[in-house]
Amino acid sequence: MDLYMMNCELLATCSALGYLEGDTYHKEPDCLESVKDLIRYLRHEDETRDVRQQLGAAQILQSDLLPILTQHRQDKPLFDAVIRLMVNLTQPALLCFGSVPKEPSLGHHFLQVLTYLQAYKEAFASEKAFGVLSETLYELLQLGWEERQEEDNLLIERILLLVRNILHVPADLDQEKIDDDASVHDQLLWAIHLSGLDDLLLFLASSPAEQQWSLHVLEIVSLMFRDQNPEQLAGAGQGRLAQERSTDVAELEVLRQREMAEKKTRALQRGNRHSRFGGSYIVQGLKSIGERDLVFHKGLHNLRNYSSDLGKQPRRVPKRRQAARELSTQRRSALNVRLFLRDFCSEFLENCYNRLMGSVKDHLLREKAQQHDETYYMWALAFFMAFNRAASFQPALVSETLSVRTFHFIEQNLTNYYEMMLTDRKEAASWARRMHLALKAYQELLATVNEMDMSPDEAVRESSRIIKNNIFYVMEYRELFLTLFRKFDERCQPRSFLRDLVETTHLFLKMLERFCRSRGNLMVQNKRKKRKKKKKVLDQAIASGNVPHSPGELEAVWPALAEQLQCCAQDPELSVDSMVPFDAASEVPVEEQRAEAMVRIQDCLLAGQAPQALTLLRSAREVWPEGDVFGSQDISPEEEIQLLKQILSAPLPRQEGQEEQGAEEEEEEDEEEEELQVVQVSEKEFNFLDYLKRFACSTVVRAYVGLLRSYQRNSAHTNHCVVKMLHRLAHDLKMEALLFQLSVFCIFNRLLSDPAAGAYKELVTFAKYILGKFFVLAAVNQKAFVELLFWKNTTVVREMTEGYGSLDGGSSSRRAPTWSPEEEAHLRELYLAHKDVEGQDVVDVILAHLNSASRTRKQIIHHLVRLGLADSVKDFQRKGTRIVLWTEDQELELQRLFEEFQDSDDVLSNIMKNITAKRSRARIVDKLLALGLVAERRELYKKRRKKLAPSSLSNGEESLKDVSQGNLEEEEHLPEEESDEDEEKGQGSEAEQVQGSSFLSTENLGQSLHQEGFSAPLLWLQNCLIRVANDREEDGCSQAVPLVPLTEENEEAMENKQFQQLLCKLGIRPPASEQETFWRIPAKLSPTQLRRVAASLSQAEEEKKLQPELEPKVPGEQGPNEEHCKEHRAQALKALLSARKKKAGLASSEEEETPGGNEQLKVAPKKRQLLDSDEEQEEDEGRNRAPGIQKKKRFQIEDEDEND
């Protein structure tokens, strides 16, 4: 559709507004309805903003709306509607489209809307329109808050939004006029001034009763001063300052020198008349494409301009890699406009600034503002503080924003913008612009504090000193500039950002250096992230290897320790609370902490600390009284001393020491250990040179060199800031080699050959200094010419100046020693010889046989991987305890413990609790079998206590339960940790009864439901469970499946309370909310668990069929025939359950041959496991328990709430 051909309905609506006759506008009777129709059309426009474009092409605002606004102000409904329509028509194009469109078609519509907005702005540049708005706003503000209605507040807000929209329209760069001439924006500002709207804005900003409009006022003020420079605005009407005149003279001198150099060059060139055959020349020392010297076919006067790049196609830079463009422009308005703006700034500072900025800051902190409104706050802070500093510096006028809290607010936003620029790459340019605003505000805060230092008022200087003390103390303020330099990205951040960053850093360093000199010593905050490793280490004395280990040496040490222990044992003041062997908040299991306590007692004895050892022994006895591991409660002092002697000579298990840590730091990422980063805050004395060394890196230097490359366009102050920082690095830190780079030397060459080099004396002096240092170094180090091709860090700089390899000696202690061919051959031989030996750690064996004692476990593992002998570092991870080999004493101790506890209910658990060298359950069982102490693993199982069965069970069922509970074959295949906890859970009859009663309740429910006639619903439920299990195996994924009863019989069963109770016990979830109707099979149940639940449903039915039709009797009255029948029935139940298991795929893993060779069908897992989910087993077995406390296990699946 052609946008210039208006829609019929839209055209009819515009025609019904009225018509203009001369200067008088005659409105139609339906004018108000037509305006409302236009508002309605705008509300339903498409993505191309077709209605807006058609109204703009028809110039409805210029020809109809503005005359209605100015001539029919007394018609309040019509006036309000016209204001609403104008606010909609003049809203920014970015707000209409969301962002600048990337598609060409939408981009065309965006530019068209922008053109219409610029026409609206030109139409508003009249005193008449703003006069009407000003009068209306004045009348509304005259009303008190009790007289002002809601529609009055809406009209005030709409007038402010209309003024905001008009001022927001960007200038047309093609029609923008030169400096000191009136542009459209200047005409608009002058109309605002003549209408008195600027006074109303000052009133809104200063009145406490009008704080709700503070953000609107601040936004309008920021748009008024959009293109202005605060320093130039402060000096308007005061004549040219001496500084400005000197700057202009310097610029003219540069231009004159360049012009004279060009004239001299043209005079030395040959005339145009010359021979066509001017000759060709060979340039010696300059190679062409081949190996020959270059042949030059032009005159000698052109040789100076020769470049190898002549005639080459310039390389096209992709759009995503192009440098960011400058968006902000500054121009000098007409003099009368600048004078008006200067007076407005002065009045604003005196009467409004502190109150308005405080109100806006409160809105921002309380999140009453819209998104990104803080940018207007930061702009106002930077602009008005700069104006105050340039006009007549009065700190009291900007006291609201002159505080440490403001520094913190700006720093927080600057850091937030910086992080968002790195994460939100699509909007990186927008975040970079906001970050530039925050940087300008931070720069102006520093400049104002610096200006306060030179104030004649002592109170002002003291305030400045307090602010600087707080700023320089906090680490974040000092690290801010380093972070911004290191992450500077020219693709998102324009050159103006880099210029402001360099100037701000220069000011900060100058203030910091002066502050350090005045204070002498400065204490600052230091934050350091410390990595804590959960690593068990030995005592330092033991790790150093200075402690005796042989039995003879230990016997020689014992008499001295015995004397100390006898004295300490008789001391009544020996405190037990001073040593704590147990940490309840630690994640280390209780058994491991007990072993650690034993090792700590031995360490204290080896270190000669007898009182600490005795105290730790008594404390450990109070924590672990069971088993008398640390002695009995009524132990005598003599027995305590003998126990300590046994601990001293015992071969206790130890973890890896600290001797390997020095060389292992480089390889920590491959070690699976928990690391916790803790921020440590401390104070240290500040050293300015140490802080300056943080800037001595290639990223910072490259940013400064990038700004130096445009030295001709930079201001004199910018060039001074660049040279000052580079001089600090080169001269103060003695790191001239940081600037030994080819691109830097190209800039120096261009600078020294510049005809106007006299205007850059500071740059020329610095360039000559750096070049002189380079040629001095090149005379000693011929490789310096090659180093010109690379950016360098401080390590390379030291090697260049002090000699290559000079730093290897200082870092050799931190680097792993190299492997010689002989060592590699020996390592390969040892690995191949011991890699297949079971029961030993191959790396430990290599460490024992390796000739070099300086090698660590990690170095050996990594070198084995490099040699290709192993695939990964994880192949050498230690599992379980680190003790593999059994010594003779340990075997004797195991034999003694077995003989001591072989008659107990739980032999294996008692052995594990009392054995000195902690080992896994599997290791102990294997060793007992190897020593011949037991014939089979079955002898080490827990002995279950017999108990009376509930009255509802017969003896046959009880025997079946005993068989099922006695089947512990699966526990051998469980992980060691799980089997450990299963054995430690205790044998209390209460837990056993809970297990039995829970499963029996499920069976009883099934039997009772069969008796009530619910056999078909139970069969339907069983089929549903099996079908869901099959589906989950095929699909590989699971989700909650509803149980939908399709027959009346199934519906009645689902409503039955007893049937619902059975569903709950099986783990099926009831409807979670009103939106759910059906019961659901949870998603977390695996196919195996579903088949187990289905099998448990069939048990009740089969048991009912096999039961004899006799009434159960009291167990004491049963005869021998009845017992015989019970046995037959139990055997039949076993066979039936095993067959059911085989059908469900569960019996294959549970068949086992007996020593006699007869196959027995076992009842697969314990009854409690029929209904336990895998998740509950892991949760129950993963929790630590205190000794002696039994935990009741859960036997029904408790489903968590799941929302579909």
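Residues numbered from 1 in each chain as written. Predicted model: local features only at pLDDT ≥ 70, side-chain atom pairs only at ≥ 80, totals over all residues. Heavy atoms only, no water.

Re the overall build of the chain
Our working definition: Helix and strand assignments come from DSSP, with helices taken as H or I runs of at least 4 residues and strands as E runs of at least 2, each series counted from the N terminus. Partly exposed residues are those whose accessible area sits between 20% and 50% of the maximum for their type, while under 20% is buried and over 50% is exposed, using a 1.4 Å probe and protein chains only. What makes two residues a contact is simply this: any of their non-hydrogen atoms within 4.5 Å.
On a plain count of helices and strands, the chain comes out with 52 helices and 10 strands. Per-residue burial over the chain gives 44% buried out of 1204 residues. Taking the intrachain contacts of the chain between residues at least 6 apart in sequence as the baseline, contacts between residues at least 24 apart amount to 74%.

Looking at the nonpolar core
Stated precisely, the cut-off is as follows: Put simply, buried Ala, Val, Leu, Ile, Met, Phe, Trp, Tyr and Cys residues joined by side-chain atoms within 4.5 Å make one nonpolar core.
In this structure, Phe124, Phe225, Phe384 and Phe695 are the most contacted members of the largest nonpolar core, which totals 196 residues. Here this core takes 13 residues from helix H19 (residues 428–453), the largest share from any one element. With near-sequence residues (within four places) excluded, Phe384 lies in contact with Val221, Cys345, Phe348, Leu349, Tyr353 and Trp379. The next biggest cluster of nonpolar side chains, apart from the first, holds 28 residues, and it includes Ala562, Ala597, Ala613 and Leu614.

Topic: the packing of helix H5 (residues 76–89) against helix H9 (residues 150–168)
Inclusion rule: Think of each axis as a best-fit line through the C-alpha atoms, taken over the contacting stretch in the case of a helix, with angles from 0 to 180 degrees between the N-to-C directions. For this classification, under 35 degrees means roughly parallel, over 145 means roughly antiparallel, 65 to 115 means roughly perpendicular, and everything else is oblique. Take the far helix as your reference; a near helix turned counterclockwise from it by less than a right angle gives a left-handed crossing, and one turned clockwise gives a right-handed crossing.
At a minimum axis distance of 9 Å, the contact between H5 and H9 shows a crossing angle of 40°. By the angle between their directions, the pair H5 and H9 is classed as oblique. Here H5 runs over H9; the crossing is left-handed. For the pair formed by H5 and H9, the contact residues are Lys76, Phe79, Asp80, Ile83, Arg84, Met86 and Val87 on the first element and Asp152, Leu155, Arg158, Ile159, Leu161, Leu162 and Asn165 on the second.

Some remarks on the packing of aromatic side chains
Condition: Classification of ring pairs rests on two measures: the distance between centres of Phe, Tyr or Trp rings, Trp counted by its six-membered ring, which must be within 6.5 Å, and the angle between planes, read as stacked under 30 degrees, edge-to-face over 60 and tilted in between. Geometrically, a lysine NZ or arginine CZ counts as sitting over a ring once it is within 6 Å of the ring centre and also within 35 degrees of the ring normal.
Scanning the model with the defined rule gives 32 aromatic pairs in all. Taken together, the aromatic side chains of Phe225, Phe340, Phe344, Phe348, Tyr353, Trp379, Phe383 and Phe384 make up a single cluster linked through ring pairs. Of note, Arg49 hangs over the ring of Phe97, and the distance from its end group to the ring centre comes to 5.7 Å. In this structure, Lys783 is placed above the aromatic ring of Tyr804, and the distance from its NZ or CZ to the ring centre is 5.2 Å.

Re the packing of helix H38 (residues 842–849) against helix H39 (residues 857–866)
It is at 10 Å that the axes of H38 and H39 come closest, and there the two elements cross at 110°. It follows that H38 is roughly perpendicular to H39 by the angle criterion. Once H38 is placed against H39, the crossing between them reads as right-handed. Together, Val843, Asp844, Ile846 and Leu847 of H38 and Arg857, Ile860, Ile861 and Leu864 of H39 make up the contact between the two elements.

Brief notes about a negative patch on the surface
Operational definition: Patch criteria: residues need more than 30% relative accessible area and no salt bridge. Like-charged residues are merged within 9 Å; nonpolar side chains of Val, Leu, Ile, Met, Phe, Trp and Tyr are merged within 5 Å. Here the accessible surface of atoms and residues is derived via Shrake-Rupley with a 1.4 Å probe, and residues count as covered only by protein chains that are part of the display. For this document, the term salt bridge refers to a Lys or Arg side-chain nitrogen within 4 Å of an Asp or Glu carboxyl oxygen. Think of it this way: Lys and Arg go in the positive column, Asp and Glu in the negative one, and His and the chain ends go nowhere. Throughout, a charge is located at the NZ atom of Lys, the CZ atom of Arg, the CG atom of Asp or the CD atom of Glu.
A contiguous patch of negative charge on the surface is contributed by Glu1048, Glu1049, Glu1051, Glu1052 and Glu1055. If you trace the backbone, Glu1049 turns up in helix H47 (residues 1048–1055). According to the relative accessible area criterion, Glu1049 is partly exposed, its value standing at 38%.

Considerations on helix H37 (residues 821–834)
Keep this limit in mind: Each residue after the first adds 1.5 Å to the expected span of a helix. Throughout, the arc means that of the directions going from the helix axis to the C-beta atoms.
Spanning 14 residues, H37 covers 20 Å between terminal C-alpha atoms, matching the ideal 20 Å at 1.5 Å per step. For H37, the full list of buried residues reads Leu827, Leu830, Tyr831 and His834. The buried residues of H37 occupy an angular sector of 100° when the element is viewed end-on, so they sit on one face. Turned more than 90 degrees away from the buried face of H37 sit Pro821, Glu822, Glu829 and Ala833, all of them exposed. Against the buried residues of H37 lie H38 and H39.

Brief notes about the environment of Arg164
Mapped onto the elements, Arg164 comes out in helix H9. By relative accessible area, Arg164 is classed as buried at 17%. Between the alpha carbons of Arg164 and Val217 there is a distance of 8.8 Å; along the sequence they are 53 residues apart. The contact partners of Arg164, leaving out residues within four places of it in the chain, are Glu219, Ile220 and Leu223.

So, the side chain of Ser333
Heads up, the condition is: Here a polar contact is recorded for every N or O atom pair within 3.5 Å, except that within protein the pair must consist of a potential hydrogen donor and a potential acceptor, and residues adjacent in sequence are included only if both atoms are side-chain atoms.
As for its position among the elements, Ser333 is in the loop between strand S4 (293–296) and helix H15 (335–351). A polar contact of 2.9 Å, which involves the side chain of Ser333, links it to the side chain of Asp186. Within the local environment of Ser333, its side chain forms a polar contact with the side chain of Gln228, the two groups lying 2.7 Å apart.

A word on the pairing of strand S3 (residues 281–287)
Test applied: Pairing between strands is defined by DSSP: at least two bridges between the two strands are required.
As defined by bridge partners, S3 adjoins S4 across four bridges and the pair is classed as antiparallel. Residue pairing for S4: Lys287 is matched across the bridge by Asp293. Where S3 hands over to S4, the hairpin turn is made up of five residues, counted between the paired strands.

Some words on the pattern of salt bridges
The final tally for this structure, using the stated rule, is 32 salt bridges. Notably, a salt bridge pairs Glu45 with Arg52, separated by 3.0 Å at the nearest N-O pair. Neither Glu45 nor Arg52 differs from the other in exposure class; each is buried. Across the pair Arg618 and Glu640 runs a salt bridge whose closest N-O atoms are separated by 3.1 Å.

Considerations on the pairing of strand S1 (residues 18–21)
In the sheet, S1 pairs with strand S2 (residues 24–27) via four bridges, with the strands oriented antiparallel. Counted as the bridge partner of Gly18 is Lys27 from S2.

A closer look at the confidence of the model for the chain
The cut-off we apply is this: A score between 0 and 100, pLDDT records how confident the predictor is in each residue.
For the chain, per-residue confidence averages 76 on the pLDDT scale, and 75% of positions sit at 70 or higher. Within the model, pLDDT remains below 50 along residues 656–676, and this stretch shows 45 contacts once partners closer than five positions in the same chain are excluded. Here residues 1103–1126 scores under 50 on pLDDT; set against residues more than four positions off or in separate chains, the count is 23 contacts.

Things to note about the environment of Cys492
Relative to the assigned elements, Cys492 resides in the loop between helix H21 (475–486) and helix H22 (495–519). A sequence separation of 59 residues divides Cys492 from Arg433, and the C-alpha atoms of the two residues are 8.7 Å apart. Sequence-distant contacts of Cys492, defined by excluding residues within four places in its chain, comprise Ala324, Met421, Arg425, Ala428, Ala429 and Ala432.

A word on unusual backbone geometry
With a phi close to 55°, Arg49 is a non-glycine residue in the positive phi region. Within the secondary structure, Arg49 sits in the loop between helix H2 (31–43) and helix H3 (50–57). Positive phi outside glycine occurs at Lys734, with the angle close to 60°. Turning to its location among the elements, Lys734 is positioned in the loop between helix H31 (716–732) and helix H32 (742–752). Here Lys734 falls in the exposed class, since its relative accessible area comes to 57%.

Digging into a positive patch on the surface
A cluster of basic residues, Lys102, Lys319, Arg325 and Lys426, forms a positive patch at the surface. Locating Lys319 in the fold gives a position in the loop between S4 and H15.

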